[in-house]
Amino acid sequence: MDILTVRASMLPSYADCPRRAVAKQWRRLVENRGFVLRRMQPSAGAAVGTAVHAAAAKMLKEKIETGSTGSAKDGLDAAMEVFREEIKEGAVWDATTPNAQTAETQIGRLSATYHEHVAGELDPIAVEQEWECLLGDGFLLSGHCDVLTREGFIRDLKTGALSRPHHAQLGAYALLARSQRPAIEIRGVVVDFIRRTPKTKPQDAPVSEEYDLNVAENTAFETIQRIKHDLTAFLDNSNPWAFMANPLSMMCRSAYCPAHGTTFCHLGREN
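Now for a look at the structure at hand. Values in this document were obtained by computation on a predicted structure and should not be read as measured data. The residue numbering used here restarts from 1 in each chain and proceeds along that chain's sequence as written. Per-residue local features of the predicted model are confined to residues with pLDDT of at least 70, and side-chain atom pairs are confined, for both listing and counting, to 80 or more; whole-chain, interface and lining totals are unaffected and use all residues. Side-chain numbers come from the whole structure's heavy atoms, not from hydrogens or water.

**Examining helix α8 (residues 213–237)**
Relative to the 36 Å expected for 25 residues at 1.5 Å per residue, α8 spans 37 Å between its end C-alpha atoms, a close match to the ideal helical length. Of the residues making up α8, those classed as buried are Ala216, Glu217, Ala220, Thr223, Ile224, Ile227, Lys228, Asp230, Leu231, Phe234 and Leu235. Contacts described as polar in this section are N or O atom pairs within 3.5 Å, which, within protein, must combine one atom able to donate a hydrogen with one able to accept it, while residues neighboring in sequence count only if both atoms come from side chains. In this description a helix means any DSSP run of H or I spanning at least four residues, a strand means any run of E spanning at least two, and both kinds are numbered starting from the N terminus. Its side-chain oxygen placed 3.0 Å from the backbone nitrogen of asparagine 214, aspartate 212 serves as the N-cap of α8. Where α8 terminates, the next one or two residues include serine 238, which has phi positive at roughly 55 degrees. Working rule for helices: expected span equals 1.5 Å times residues minus one. The classification of residues rests on relative accessible area computed with a 1.4 Å probe and restricted to protein chains. Under 20% of the type maximum is buried, over 50% is exposed, and intermediate values are partly exposed.

**Some thoughts on the nonpolar core**
To form a nonpolar core, buried Ala, Val, Leu, Ile, Met, Phe, Trp, Tyr and Cys residues must be joined to one another through side-chain atoms within 4.5 Å. Counting 49 residues, the largest nonpolar core has Leu11, Trp26, Ile154 and Phe264 as its most contacted members. Contact criterion: two residues are considered in contact whenever any of their non-hydrogen atoms come within 4.5 Å of each other. Beyond its immediate sequence surroundings of up to four residues, isoleucine 154 is in contact with Trp131, Cys145, Val147, Leu148, Leu170, Tyr173, Ala174, Ile186, Gly188, Val189 and Val190. Ala57, Met80, Ala91 and Val127 belong to the second-largest nonpolar core, a separate cluster that totals 25 residues.

**A few points about the packing of helix α4 (residues 44–66) against helix α6 (residues 100–117)**
To obtain an axis, a line is fitted to C-alpha atoms, over the contacting stretch when the element is a helix, and the angle between two such axes runs from 0 to 180 degrees between their N-to-C directions. The contact between α4 and α6 brings their axes to 9 Å, and the two run at 35 degrees. For the crossing formed where α4 meets α6, the hand is right-handed. Of α6, the residues touching α4 (which contributes Val48, Ala51, Val52, Ala55, Ala56, Met59 and Leu60) are Ala103, Gln106, Ile107, Leu110, Ser111, Tyr114 and His115. Put simply, Ala, Val, Leu, Ile, Met, Phe, Trp, Tyr, Cys and Pro go in the nonpolar bin, Asp, Glu, Lys and Arg in the charged bin, and everything else, Gly too, in the polar bin. Of the residues that constitute the contact of α4 with α6, the class distribution is eleven nonpolar, three polar and no charged. Take the far helix as the reference: if the near one is turned anticlockwise from it by less than a right angle, the crossing is left-handed, and if turned clockwise, right-handed.

**Thoughts on the environment of alanine 255**
The residue alanine 255 is located in the segment after α8 in this model. Take alanine 255: its relative accessible area is 21%, and that puts it in the partly exposed class. As for alanine 255 and glutamate 151, which are separated by 104 residues in sequence, their C-alpha atoms are 41 Å apart. Once you skip the residues sitting within four places of it in the chain, alanine 255 turns out to touch Met40 and Val92.

**Observations concerning the pairing of strand β5 (residues 188–195)**
Of all eight residues that make up β5, seven are buried, and the element is covered over most of its length. Pairing geometry for strand β4 (residues 153–160) and β5, over eight bridges, is parallel. Looking at β5, one finds that leucine 157 is bridged to aspartate 192. Think of it like this: strands point away, you trace from the first strand over the helix to the second, and a clockwise trace means the crossover is right-handed. A crossover connection joins β4 to the parallel β5 through helix α7 (residues 167–179); in handedness this β-α-β unit is right-handed. Any two strands with at least two DSSP-identified bridges between them are counted as paired. Strand direction decides the pairing type here: β5 and strand β6 (residues 207–211), joined by five bridges, are antiparallel. Bridging from a neighbouring strand, valine 189 pairs with tyrosine 211 of β6.

**A word on the pattern of salt bridges**
The term salt bridge refers to a pairing of a side-chain nitrogen on Lys or Arg with a carboxyl oxygen on Asp or Glu at a separation within 4 Å. Tallying each qualifying case throughout the model produces 14 salt bridges. Between aspartate 137 and lysine 228 there is a salt bridge, with the nearest N and O atoms lying 3.1 Å from each other. Residue aspartate 137 is located in the loop between β2 (124–136) and β3 (139–149), and its partner lysine 228 is located in helix α8; the two are separated by 91 residues in the primary sequence. Overall, lysine 228 belongs to the buried group, its relative accessible area being 9%. For glutamate 217, the salt bridge goes to arginine 178, with nearest N and O atoms at 2.8 Å. Of the two residues, glutamate 217 is situated in helix α8 and arginine 178 in helix α7; the sequence distance between them amounts to 39 residues.

**Quick word on helix α5 (residues 72–86)**
Taking 1.5 Å as the rise per residue, α5 with 15 residues should run 21 Å; its terminal C-alpha atoms sit 21 Å apart, in good agreement. Residues of α5 that are buried: Gly75, Ala79, Met80 and Phe83. All buried residues of α5 fall inside an arc of 140 degrees around its axis, so they share one side. Contact partners of the buried residues in α5: α4 and α6. Think of the arc as the fan of directions from the helix axis to the C-beta atoms.

**Here's the deal with a nonpolar patch on the surface**
Patches in this entry comprise residues that are over 30% relatively accessible and not in a salt bridge; like charges within 9 Å are linked, as are nonpolar side chains (Val, Leu, Ile, Met, Phe, Trp, Tyr) within 5 Å. All accessibility values rest on the Shrake-Rupley procedure with a 1.4 Å probe; residue burial counts only the protein chains present in the view. On the surface, Trp241, Met244 and Leu267 cluster together into a nonpolar patch covering about 330 Å² of accessible area. Among the residues examined, leucine 267 registers a relative accessible area of 37% and is labelled partly exposed.

**Overview of unusual backbone geometry**
Residue proline 182 is reached from arginine 181 by a cis peptide bond, and omega for that bond is 0 degrees. Structurally, proline 182 can be placed in the loop between α7 and β5. Phi at glutamate 128 takes a positive value of approximately 50 degrees, unusual for a residue other than glycine. On the secondary structure map, glutamate 128 appears in strand β2. A relative accessible area of 38% means that glutamate 128 is categorised as partly exposed. Positioned with a positive phi, aspartate 137 is a non-glycine residue whose angle comes to about 60 degrees.

Honestly, that's just the spatial picture; any functional story needs more than this.
Shown next, in the form of structure tokens:
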């Protein structure tokens, strides 16, 4: 069996709807078992978030190299390039970000806010650090850590209309850091959240939340064990019910789930 990669970023959504998470992460594997999935476009929130991450990464890499984050405009140029690539084949717009013009305004505000309130306060030693470790049984865990600081903190930037808990993802980063040789000592994990606000409203300041490290690591570990169990069962019998589905999820819509209304999941319905 080929090595199956579990990504740290997929762990929080697995608890919300395992079937959706699997359809997104292992699309080819699902389709190879005879199921047809929807073709997806990036959501407005995801496209904006990816762009702002590019801006933040440029700022922090500049800080590692020169000691300064540079100008917010430098990061914005990188963000816009990434954003236009993300939406070149379309996007799913929403009430907060109804079109590309609004998205570009929001990217500018979010990037400037990160530059002003977060980037200058960090002492980064690694940016977009990729880590991997073998999980056994043919599985591998991988993750891209946004920022590792000199003080031993993992920081993860989140943008969105709503703040959501990401204990499993941050915990996975911490587990990955400890798995390296030599092991990287992690003192804490922090989410820096910046709300994606409508352009007619003032931009909120970032909110930084430190998670309990032990809780985050345990959440990651148990989620990983559940994924391994469920996917192993699916490989054995190709039964979609190896993965629970959650039709009560806010993401149970055709715009956000490649399994919605397909042969892989009959539970979802349009509102």
